[in-house]
Number of protein chains: 2
Amino acid sequence: MDATDTLEFDGKRYLGGPASDPNVLGWMQGTPPAAERRVTFAGDRFFAFPEIRWSLSHMRELVPTANVWRGETAASPLGQPSPADAAAIDALPFTDMNGQPRRWDAALHDTYTDGIVVLHRGKRIYERYFGALQAHVPHSCFSITKSYACTLAAALVHEGVLDETRLVPHYLPEMQGTAYANATLRQVMDMQIGVAYSELYSDPKAQIWDYSRAGGLRPRPAGYSGAQNFYEYLQTLRPEGEHGQAFAYKTVNTELLCWVMKRVTGVALADMLSQRIWAPLGCEQDGYLTVDPIGVPMGGGGLNAALRDMARFGELMRCDGAWGGRQLLPAAVVADIRGGADPAKFAKAGYTLLPGYSYRSMWWVTHNEHGAFEGRGIHGQRLYVAPKAELVVARFASHPVAASAANDPLTLPALLALGRMLGAA
Amino acid sequence: MDATDTLEFDGKRYLGGPASDPNVLGWMQGTPPAAERRVTFAGDRFFAFPEIRWSLSHMRELVPTANVWRGETAASPLGQPSPADAAAIDALPFTDMNGQPRRWDAALHDTYTDGIVVLHRGKRIYERYFGALQAHVPHSCFSITKSYACTLAAALVHEGVLDETRLVPHYLPEMQGTAYANATLRQVMDMQIGVAYSELYSDPKAQIWDYSRAGGLRPRPAGYSGAQNFYEYLQTLRPEGEHGQAFAYKTVNTELLCWVMKRVTGVALADMLSQRIWAPLGCEQDGYLTVDPIGVPMGGGGLNAALRDMARFGELMRCDGAWGGRQLLPAAVVADIRGGADPAKFAKAGYTLLPGYSYRSMWWVTHNEHGAFEGRGIHGQRLYVAPKAELVVARFASHPVAASAANDPLTLPALLALGRMLGAA
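Scoring rules and cut-offs
Residues numbered from 1 in each chain as written. Chains lettered and ligands numbered in written order. Predicted model: local features only at pLDDT ≥ 70, side-chain atom pairs only at ≥ 80, totals over all residues. Heavy atoms only, no water. Helix = DSSP H or I, 4+ residues; strand = E, 2+ residues; numbered from the N terminus. Rg over C-alpha atoms; globule rule 2.2 N^0.38 Å. Buried < 20%, exposed > 50% of the residue type's maximum accessible area, 1.4 Å probe, protein only. Contact = heavy atoms within 4.5 Å. Areas by Shrake-Rupley, 256 points an atom, 1.4 Å probe, with all protein chains shown as cover. Lys, Arg positive; Asp, Glu negative; His and termini not counted. Charge placed at Lys NZ, Arg CZ, Asp CG, Glu CD. Axes fitted to C-alpha atoms, helices over the stretch in contact; angles between N-to-C directions. Parallel < 35°, antiparallel > 145°, perpendicular 65-115°, else oblique. Left-handed = near helix turned anticlockwise from the far one by under 90°. Nonpolar A, V, L, I, M, F, W, Y, C, P; charged D, E, K, R; others polar. Buried area = accessible area lost by both parts, 1.4 Å probe. Salt bridge = Lys/Arg side-chain N within 4 Å of Asp/Glu carboxyl O. Polar contact = N/O pair within 3.5 Å; in protein donor to acceptor, adjacent residues only side chain to side chain. Phe/Tyr/Trp six-rings, centres within 6.5 Å; stacked < 30°, edge-to-face > 60°. Lys NZ or Arg CZ within 6 Å of the ring centre and 35° of its normal. Least-squares fit on C-alpha atoms with pLDDT ≥ 70 in both. Pairing = 2+ DSSP bridges.

Draft legend 1. Region of interest: the overall build of chain A. Check the secondary structure of chain A and you find 15 helices and 17 strands. Taking 22 Å as the expected radius of gyration for a compact globule of 425 residues, we find that chain A reaches 20 Å, a close match to that expectation. By its C-alpha atoms, chain A is 55 × 50 × 45 Å across when sized along the principal axes. Scored against the burial criterion, the 425 residues of chain A give a buried share of 63%. Long-range contacts, defined as pairs at least 24 residues apart, comprise 66% of the intrachain contacts of chain A with a sequence gap of at least 6. Summed over all atoms, the accessible surface of chain A reaches about 14900 Å², with 52% contributed by carbon and sulfur. Looking at charge distribution, chain A has the averaged site of its 39 positive side-chain charges lying 1 Å from that of its 42 negative ones.

Structure representation (structure tokens):
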């Protein structure tokens, strides 16, 4: 491996992937771990680098969680990678967005990969784990949670349980007087909401942190008097701009959507995921969701799953919602997601690394040559579904930089090259 | 069912079993739950009645936890109860310790049972769930955790990894200068330690609450300056009386034992339980342990397990450590536990409802006609292993009173009657 020892992002240098391996650094080792090697909730460094390399495989040890039960069925088979397939992928050359030649296996380290699984035509052809992650251990999916949650919401719309043309207060009268008073459910689902709320992770004053503190996912300062839970926080949100004009990525939209789903169905997100996805897909491990102080699962980013189980969900999406002869999700819902939304509205959001993308039902739709669509989570979480290449890639990572823009210059060309290699095979 | 609507303990009246069912009372129902029906960590009523009827099936939603992985093997078969067997047990008459005639099924309600499984000759002949508990949902085992942990410790002694004749500071130099400075590991394992520490749950000033706060399992008051984790707390313990003279039930002994086990083996309790018990037994659900603020699993009472999986552990003990043709625990270790310790030392502890008992390796040994030994946890948790009746009973409950003395007057005669009925069959 030619991974470098340190890497620079936004003008700051960080230990590289192998050098920041939490086992190498000794995080949480010892009985007790030395004070300077502890990852604790109270210290509020569990999302900081390099602690995050341990934390994202141990979220339940830091905060309360709700189980996503796998059900009683046996794990569905995924096949075993052959050494030849795996070696071919390890050696895959590609050119990154900066014009540099790269190799797949080294790029895993330079994207701080914790684990990666590749499915081709539904068979596992590649699988790697690094650092704190093991095959059976759930890892934070962060915002891929949104893709799970909104796919379920779209299914509920298809079933007539939800009406996407309704305004939010139809379901949640509490949201009258907020930014969402005149927003339709579909605008929420496509994140075309004008709301005063910043998701800039590098800004410690961004509202994403207020939302996190309300949800109990960051420590609260002494004398904290802010919102006590997610629902309280959502009711503080005020309008800024018009709905329906532009894509604007804001986690609170998903949290609100999940509130609607729970209010209407009475089924908690953890249970809906279990009943509609985990159990019928034959997931092999229970997943879990972080919960707020009144037990509400964090629909905006709280899901933790074993890597193969996230790959199974990608495969379900690749197969138009069908699995083992059963239609688990309406084909029309998956087709609608794959079709994407208006790239012009996406372009207004200014993602210069994602030209031509759109955002539909909380999936990032590439409109690339493989018809790929992605679940994307901060710090490098990725679920890439490329139907025309018959390809699914599930990746967990613990990148020092939250924004996907820090890893997209490697990730996107690598995924495209893999799709081309498999398409030519 | 003739369960009464209210029951009296220690001069105080409580809602009865069916009347305090958390589903009936609406705890944590609604989106969000009404303020007066929320069970939260911060409110510090999650161990109070009737909230506890919900909490003990939802511990992971209140505090951080570590997974006890079930492994990759399929669940081991336990058989299915026949309606006739179940009906016979439901109708089982017995006389409680106060001389009142009782019936098994009604007694379940009057002991606030959340779930109960009966195995006879290794086959499941009876199973019931109530309230918040379901078959696949882990429930707090409370101090049955100790029986799991110390059985593993005894196995480590048998393997020569630990030496039970050593003084504690041999393994933990940090404990020099504490109550444990001159205590042997065996004295710890049998809870014959002279230490200034009270386990009187009805006393809000008892040290059990300091220990809990140190471990992050109870909210800390503003300006809290006490121990920050279990290990720090253990180092504050001072001597009171002599070791080896009498049984004295103190949870800190188990926590200390688990610290020794982790220091020596490097394997966290959650992983040791997975490797030595959960996986080889074919447990059907993952279990979990609550953890302290530095990630240390609470060996003194933090285990949560699905009911059938706790029954499997009982069956392993009934079968002298053998399971499916493999010796998972040394037969000598199980024999030693079954043999018990000195009842005279037990008698000094003053358990008037438990005449003739002894306490060995953190099991309560009845010395009754069925050679039964028990794991016992507050609020009604019980794992009853009766070799001469070929019987194992696993019960979870959420009794309003912590002390087992509140349910023993029903529980012990019921278990004895069941053993006699099965023995006569």
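Draft legend 2. Representation of the packing of helix H5 (residues 144-158) of chain A against helix H12 (residues 307-318) of chain A. Residue and element names in this part refer to chain A. Packing of H5 against H12 leaves a shortest axis separation of 12 Å and a crossing angle of 45°. It follows that H5 is oblique to H12 by the angle criterion. As H5 packs across H12, the resulting crossing turns out to be left-handed. The segment H5 lies against H12, with Ile144, Ser147, Tyr148 and Thr151 engaging Asp309, Met310, Phe313 and Met317. Tallied by class, the residues present in the contact of H5 with H12 amount to five nonpolar, two polar and one charged.

Draft legend 3. Layout of the environment of B:Ala106. Among the secondary structure elements, B:Ala106 is positioned in helix H4 (residues 104-110). C-alpha separation for the pair B:Ala106 and B:Met310, spaced 204 residues apart in sequence, amounts to 23 Å.

Draft legend 4. Structural view of the interface of chain B and chain A. The partner chain A presents 30 residues to the 30 residues of chain B that form the contact. Considering only the side of chain B, the residues that lose the most area to chain A are B:Thr31, B:Arg60 and B:Ile294, jointly responsible for 27% of the buried surface there. Linking chain B with chain A are zero salt bridges, by the criterion used here. The interface formed by chain B and chain A holds 18 residue pairs in polar contact (both at pLDDT 80 or more) in total. Among the secondary structure elements, those contributing two or more residues to the side of chain B that touches chain A are strand E3 (65-68) and helix H10 (251-265) of chain B. For the side of chain B that touches chain A, the residue count by class is 14 nonpolar, nine polar and seven charged.

Draft legend 5. Spatial organisation of the packing of aromatic side chains. Following the criterion strictly, the structure yields 56 aromatic pairs over all chains and no others. Arranged with centres 5.9 Å apart and planes meeting at 45°, the rings of A:Phe9 and A:Tyr14 form a pair that is tilted. Here the two residues A:Phe9 and A:Tyr14 agree in accessibility, since each one is buried. Through a chain of ring-to-ring contacts, three or more aromatic side chains come together here, namely A:Phe247, A:Tyr249, A:Phe346, A:Tyr351, A:Tyr357, A:Tyr359 and A:Trp364. One cation-aromatic arrangement involves B:Arg37 over B:Trp27; the distance from NZ or CZ to the ring centre is 4.8 Å.

Draft legend 6. The relation of the copies chain B and chain A, seen in detail. It takes a turn of 180° to lay chain B on chain A, together with a shift of 0.0 Å along the axis; the resulting RMSD is 0.0 Å. Read as a symmetry element, the transformation amounts to a two-fold axis. When C-alpha distances to the rotation axis are compared across chain B, the minimum falls at B:Pro64, with a value of 2.4 Å. Here 100% of the contact residues of chain B are again contact residues in chain A; the copies associate through an equivalent surface.

Draft legend 7. View of the packing of helix H5 (residues 144-158) of chain B against H10(B). Residues and elements named next belong to chain B. Where H5 contacts H10, the two axes come as close as 10 Å, and the packing angle between them is 45°. The orientation of H5 relative to H10 falls into the category oblique. The crossing of H5 and H10 is left-handed. Residues Lys146, Ala149, Cys150, Leu152, Ala153 and Leu156 of H5 lie in contact with H10, whose contacting residues are Thr251, Thr254, Leu257, Cys258, Met261 and Thr265.

Draft legend 8. Broad picture of the sheet that holds strand E10 (residues 303-305) of chain B. Residue and element names in this part refer to chain B. Taken in spatial order, the four strands of this open sheet run E3-E9-E10-E8, and their pairing is antiparallel. The open sheet has two free edges, formed respectively by E3 and strand E8 (139-140), since each of these has just one partner strand. Relative to E10, E8 is paired through two bridges, and the arrangement is antiparallel. Each bridged residue has a counterpart across the sheet, and for His139 the counterpart in E10 is Ala305. Sheet strands in contact with helix H11 (residues 269-281) are E3, strand E9 (287-290) and E10, and its direction is about 20° off that of E3.

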